[in-house]
Amino acid sequence: MNHLHLDLHGPVALIRLSRPAKRNALNDGLILALQEQFNRLPTTVRAAVIHGEGEHFCAGLDLGELQERDAGQGLQHSRLWHAALNGVQFGPVPVIAALHGAVVGGGLELASACHIRVADETAFYALPEGSRGIFVGGGGSVRIPKLIGVARMTDMMLTGRVYTAAEGERIGLAQYLVPAGQALAKALELAQRVAQNAPLTNYALMHALPRIAEQSADHGLFTEALISGIAQAAPEAKERVRAFLDGRAAKVSKD
Ligand code: 1HE
């Protein structure tokens, strides 16, 4: 049974978690399919959107598959998630998560591997691992504190705290908050916009920013200069700057 679907909307790949009867819980098959999908996106794709079918984005790890693993298998399972979600964060194109309903456990780990999160008012966020006697294993301990800080993540895991959609936007879990039912439309609109950028600039943003954030200021500035030099030398960059100077490109506008 294929629980992952791909539709192309011009340069935007729309990827749907399609296991609504299990609230899009991520079993090994779905994680492997996600990894495979990002490995072989068509070369025409310039941005991607991930969303979930049904009432929820994703209920996290498929708890039904958890019971029988020993420690070594648990470690390998976590590494499988790391490889798959690294493929989302450090893949070929920017990824926008369209969130609604439950964004919990591994679902929040998946969302936090994306570059932009758009949530509708039905979204809620939790890390129930703490109360299930387990730990995050999909990169959440690395990525989620970068969004909301170690203290908030610790609270979520210790107390089972659930953040509402509005709170999630306030603390940095999502960058956009939209009315119920509109997350996918907004995510697609943003993805179409992102897809118009020079591909090299998008690539530089996705791959350089998180790495620079982990470098010393001196190394970060040097990496920035390297990427900046490469990006501005591309013929497409020269044409885009020329277009602005000639009055053919959009101004920055607050409307
Ligand atoms: C599942 C899962 C799942 C639902 N694994 N089967 N994640 C959690 O601890 C979250 C667990 N799920 C929930 O709290 C709720 O299901 C939801 C809030 C997400 C949705 O509630 P609701 O009322 O819409 O659905 P439901 O009736 O609870 O679930 C419908 C079915 O989906 C039901 O199965 P059924 O056969 O009885 O119909 C549920 O058992 C099933 N289901 N969630 C397996 N997660 C890399 S490490 C990551 C570690 C984690 O992610 S831990 C957190 C796991």
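Quantities reported herein were computed from a predicted structural model and do not represent experimental measurements. (Residues numbered from 1 in each chain as written. Predicted model: local features only at pLDDT ≥ 70, side-chain atom pairs only at ≥ 80, totals over all residues. Heavy atoms only, no water.)

Q: So what exactly am I meant to see when it comes to the sheet that holds strand β8 (residues 163–164) here?
A: Pairing between sheet strands relies on hydrogen bonds along the backbone, with the strands arranged either parallel or antiparallel. If you trace the three strands from one edge of the open sheet to the other, you get β5-β7-β8, paired in mixed fashion. Looking at strand neighbours, the two that pair on one side only are β5 (102–104) and β8, the edges of this open sheet. Taken together, the three bridges between β5 and strand β7 (residues 124–126) define a ladder with parallel strand orientation. From the neighbouring strand, A102 faces β7, where its bridge partner is F124. (Pairing = 2+ DSSP bridges. Helix = DSSP H or I, 4+ residues; strand = E, 2+ residues; numbered from the N terminus.)

Q: Help me out: how do you make sense of the state of the cysteines in this one?
A: Throughout this description, disulfide means a covalent bond between two cysteine sulfur atoms. Inspection of the entire model under this criterion finds zero disulfides. Residue C114 stays outside any disulfide, its sulfur separated by 11 Å from that of C58, the closest cysteine. Look at C114 and you get buried, because its relative accessible area is 5%. (Disulfide = S-S within 2.5 Å. Buried < 20%, exposed > 50% of the residue type's maximum accessible area, 1.4 Å probe, protein only.)

Q: Help me understand the nonpolar core in this model?
A: Side chains that are nonpolar tend, in soluble globular proteins, to be buried together. With 45 residues, the main nonpolar core has F38, I50, F57, V88 and Y125 as its most contacted residues. Among the nonpolar cores identified, the runner-up in size contains 15 residues, and A47, V118, L188 and A195 belong to it. (Core = buried A, V, L, I, M, F, W, Y, C linked by side-chain atoms within 4.5 Å.)

Q: I keep staring at the pattern of salt bridges and nothing clicks. Help me out?
A: Pairing between side chains becomes possible if they bear opposite charge and their charged atoms approach one another. In the structure shown here, the tally under the stated rule is 13 salt bridges. We note a salt bridge from D28 to R69, for which the minimum N-O separation is 3.9 Å. One end of the pair, D28, is in helix α1 (residues 28–39); the other, R69, is in the loop between β3 (47–52) and α2 (71–89), and 41 residues separate them in sequence. The partly exposed category is assigned to D28, whose relative accessible area is 25%. For R69, a relative accessible area of 22% puts it in the partly exposed group. The partner of E189 in a salt bridge is K186, and the shortest N-O contact between them spans 3.5 Å. On the criterion of helical spacing, the pair formed by E189 and K186 is a turn pair, its members being three residues apart in helix α8 (residues 183–195). (Salt bridge = Lys/Arg side-chain N within 4 Å of Asp/Glu carboxyl O.)

Q: Can you walk me through the packing of α2 against helix α3 (residues 106–113) in this structure?
A: Angle between the axes and distance between the axes: these two values describe a pair of packed helices. Where α2 meets α3, the axes come as close as 8 Å, and the angle between the chain directions of the two elements is 35°. In contact with W81, L85, V88 and Q89 of α2, α3 contributes G106, E109, L110 and A113. Residues that form the contact of α2 with α3 fall into these classes: five nonpolar, two polar and one charged. (Axes fitted to C-alpha atoms, helices over the stretch in contact; angles between N-to-C directions. Contact = heavy atoms within 4.5 Å. Nonpolar A, V, L, I, M, F, W, Y, C, P; charged D, E, K, R; others polar.)

Q: Could you clarify how one ought to interpret the side chain of H3 in this entry?
A: Checked against the element boundaries, H3 lands in the segment before β1 (4–9). Residue contacts for H3: discarding those within four places in its chain leaves R16, L17, S18, R19 and L30.

Everything listed here is a matter of coordinates, which is why it stays silent on function.
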